[in-house]
Amino acid sequence: VNNNGVLTFNQYLPEADPPYRFPTYGNEDYIAPLFTDLDDLGIGIYSYQEYTNGSVLTRATQDINQYFPGRGFTASWVFVAT
């Protein structure tokens, strides 16, 4: 979880502050739910949890199927970043 609101999966995104070309160059997979300049001054706490079973997967499956009906989606993995 990078301090610019971008989630990367294989490596840290070296550019911490926008603006820079988006999407970035390279083969890195990322999600940018909140692409901005977050100034936490080192006091913020970033955490994440991965789920492979349980009620979180059930809820994700229900939510996706509600908003994208007819696809028969079943969640097998959920990543939650806070």
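Bear in mind the structure is a predicted one, so any value in this text is a computation, not a measurement.

The rules behind these values
- Residues numbered from 1 in each chain as written.
- Predicted model: local features only at pLDDT ≥ 70, side-chain atom pairs only at ≥ 80, totals over all residues.
- Heavy atoms only, no water.
- Helix = DSSP H or I, 4+ residues; strand = E, 2+ residues; numbered from the N terminus.
- Buried < 20%, exposed > 50% of the residue type's maximum accessible area, 1.4 Å probe, protein only.
- Contact = heavy atoms within 4.5 Å.
- Areas by Shrake-Rupley, 256 points an atom, 1.4 Å probe, with all protein chains shown as cover.
- Salt bridge = Lys/Arg side-chain N within 4 Å of Asp/Glu carboxyl O.
- pLDDT = per-residue confidence, 0-100.
- Polar contact = N/O pair within 3.5 Å; in protein donor to acceptor, adjacent residues only side chain to side chain.

K.L.:
Quick question: what am I supposed to make of the overall build of the protein chain here?
P.N.:
Assigned secondary structure in the protein chain consists of 1 helix and 4 strands. Relative to its 82 residues, the protein chain shows a buried fraction of 21%. Across the protein chain, every contact between residues at least 6 apart in sequence was considered, and the portion connecting residues at least 24 apart equals 47%. As displayed, the protein chain has an accessible area near 6400 Å², and 53% of this comes from carbon and sulfur atoms.

K.L.:
Would you explain the pattern of salt bridges in this entry?
P.N.:
Charged atoms that come close allow side chains of opposite charge to pair. Counted according to the given criterion, the structure contains 1 salt bridge. Two residues, R59 and D63, come together in a salt bridge whose shortest N-O distance is 3.0 Å. Of the two residues, R59 and D63 both sit in helix α1 (residues 55-67), 4 residues apart, roughly one turn of that helix. Among the residues examined, R59 registers a relative accessible area of 51% and is labelled exposed.

K.L.:
In this structure, what is going on with the confidence of the model for the protein chain? I would like to understand it.
P.N.:
Close inspection of predicted coordinates is inappropriate in any region flagged by low pLDDT. On average, residues of the protein chain score 79 in pLDDT, and 73% of them are at 70 or above. Confidence, expressed as mean pLDDT per element, reaches its minimum in the protein chain at strand β2 (residues 30-31) with 78 and its maximum at α1 with 97.

K.L.:
Would you mind showing me how to read the side chain of T61 here?
P.N.:
With respect to the secondary-structure elements, T61 resides in helix α1. At 2.9 Å, the side chain of T61 and the backbone nitrogen of A75 are in polar contact. Dropping the residues within four chain positions of it, T61 is found in contact with F73, T74 and A75.

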